[in-house]
Amino acid sequence: MASALRGALLCHLRVPVALSRSNWDPLGSVARFMSSGHDDHLTKEEVIHRVLDVVKSFPKVDPSKVTPDVHFQKDLGLDSLDSVEIVMALEEEFKLEIPDKEADKIDSCNLAIEYIHNHPLAS
Amino acid sequence: MAFRLTGLKVSPNSATLEEARARVFDFFKAACRSIPSIMEIYNLHDVVTESQLRSSVASEIRKHAQVSNPKVIDLLLFKGMEELGNITEHAKQRHHIIGQYVVGGQGLVQDLSAKDQGNSDFLKKFYNSNYF
């Protein structure tokens, strides 16, 4: 049954082959993927916007106080567990895994924006 | 077991409060990183968000914020890891997760009328939650 159907389909299917030499670039896409260039990467404005959104949506934070320069513990009155929670929320938002050493250093919006903007895998 | 959370194991006792504190953060991160798979296993996408679960884990940790004995923190951490292991291994059922971590904080009965104002501590707890 399946083979008959497959045969019938193959008889009627025609796939146009348009392989022009100029587009054929087997290594180009790989090279672009491996490069650290910022061409198709997140822009700084987008990173700032999304980081601030994550921080504002945190339940204990007063959204009106959040600016790009705000310090989690000094300015927003959060404790250390809260700042770890924000870092985990940022990890989830940008599909990252931030190693412990870097995660400990991120204690303000500025540092978070800087780290995520420079991270090649942030998306 | 088909799925076991790697990297969580019983370690020697913490020597100082600082070490115990660092371990608590490690545990919290491990718990947060397993939240997406937990939401998948227990099909929680329509009842709770990842950030709510994260806050709920943080509030469980914050319940013991006043503990300053490293040995006690180690014990609590061990219990937390056991719980996390059980959850990620699907040893629980959906209503356990929902009861303990989704509605647990606010109580199972959301009725705030005056009829619950008895003297009995037991009844108050009973109305509030199954999980103390």
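The residue numbers shown here count from 1 along each chain, following its written sequence. Working convention: letters from A go to chains and numbers from 1 go to ligands, in the order in which they are written. For a predicted model such as this one, the threshold for reporting local features is a pLDDT of at least 70, and the threshold for listing and counting side-chain atom pairs is 80 or more; totals across whole chains, interfaces and linings nevertheless cover every residue. As a convention, hydrogens and water are excluded, and side-chain values are obtained from all of the structure's heavy atoms.

### Section: the packing of helix H4 (residues 80-94) of chain A against helix H2 (residues 50-62) of chain B
Each pair of packed helices gets described by two things: the angle between the helix axes and the distance between those axes. To keep things clear, this is the line we draw: Axis definition: a line fitted to C-alpha atoms, over the contacting stretch in the case of helices. Angles run 0 to 180 degrees between N-to-C directions. Each helix is a run of DSSP H or I of at least 4 residues and each strand a run of E of at least 2, with the numbering of both proceeding from the N terminus. Note that the term roughly parallel is reserved for angles under 35 degrees, roughly antiparallel for angles over 145, roughly perpendicular for angles of 65 to 115, and oblique for everything else. Crossings are classed by handedness, with left-handed meaning an anticlockwise turn of the near helix from the far one by less than a right angle and right-handed meaning a clockwise turn. Pairs of residues are marked as contacts when any of their non-hydrogen atoms sit within 4.5 Å. Polar here means any residue outside two lists: the nonpolar Ala, Val, Leu, Ile, Met, Phe, Trp, Tyr, Cys and Pro, and the charged Asp, Glu, Lys and Arg; Gly therefore counts as polar.
One can describe the packing of H4(A) onto H2(B) by two numbers: an axis separation of 11 Å at closest approach and a directional angle of 155 degrees. One finds that H4(A) runs roughly antiparallel with respect to H2(B). Note on packing geometry: the crossing formed by H4(A) with H2(B) is right-handed. For the pair H4(A) and H2(B), the contacting residues are Leu81(A), Asp82(A), Glu85(A), Met88(A), Ala89(A) and Glu92(A) in the first and Glu50(B), Ser51(B), Arg54(B), Ser55(B), Ala58(B), Ile61(B) and Arg62(B) in the second. Among the residues forming the contact of H4(A) with H2(B), the class breakdown is five nonpolar, two polar and six charged.

### Thoughts on the interface of chain A and chain B
Short version of the rule: The quantity reported as buried area is the accessible area (1.4 Å probe) lost by two parts once they are put together, taken as the sum for both. By salt bridge we mean one thing: a side-chain nitrogen of Lys or Arg within 4 Å of a carboxyl oxygen of Asp or Glu. Think of a polar contact as two N or O atoms within 3.5 Å of one another; within protein, one of them needs to be a possible hydrogen donor and the other a possible acceptor, and neighboring residues in sequence only count if both atoms come from side chains.
Contact with chain A, which involves 17 residues of that partner, is made by 14 residues of chain B. Around 1,300 Å² of area is buried between chain A and chain B when both sides are counted, 52% of it from carbon and sulfur atoms. Considering only the surface of chain A that becomes buried against chain B, Leu81(A), Glu85(A) and Met88(A) emerge as the three largest contributors, covering 43% of it. Inspection of the chain A/chain B interface yields seven salt bridges. Here Arg62(B) and Asp82(A) are joined by a salt bridge, their closest N and O atoms 3.0 Å apart. Taken together, chain A and chain B are joined by seven residue pairs in polar contact (both at pLDDT 80 or more). For the side of chain A that touches chain B, the secondary structure elements donating two or more residues are H4 and helix H5 (100-105) of chain A. A per-class count over the side of chain A that touches chain B returns seven nonpolar, one polar and nine charged.

### Let's talk about the confidence of the model for chain B
Residue and element names in this part refer to chain B. Applied cut-off: pLDDT expresses how confident the predictor is about each individual residue, on a scale running from 0 to 100.
Averaged over every residue, the pLDDT of chain B is 83; the share at 70 or more is 80%. At the level of individual helices and strands, chain B shows its lowest average pLDDT in helix H5 (residues 121-128), which scores 76, and its highest in helix H3 (residues 70-88), which scores 93. The complex model carries a pTM of 0.71, and its ipTM stands at 0.71.

### Some thoughts on the environment of Leu84(B)
Of note, Leu84(B) is situated in helix H3. Sequence separation between Leu84(B) and Ser37(B) is 47 residues; the distance between their C-alpha atoms is 12 Å.

### Quick notes on the pattern of salt bridges
Defined as follows: With a 1.4 Å probe rolled over the protein chains alone, any residue whose accessible area is under 20% of its type maximum counts as buried; one over 50% counts as exposed, and the rest are partly exposed.
Counted under the stated rule, the structure contains 17 salt bridges over all chains. Between Lys60(A) and Asp82(A) there is a salt bridge, and its shortest N-O distance comes to 3.2 Å. In this pair, Lys60(A) is assigned in the loop between helix H3 (44-56) and H4 and Asp82(A) in helix H4, connecting sequence segments 22 residues apart. You can call Lys60(A) partly exposed: its relative accessible area is 47%. By sharing partners, the salt bridges in this structure join Lys60(A), Asp79(A), Asp82(A) and Arg62(B) into a single network.

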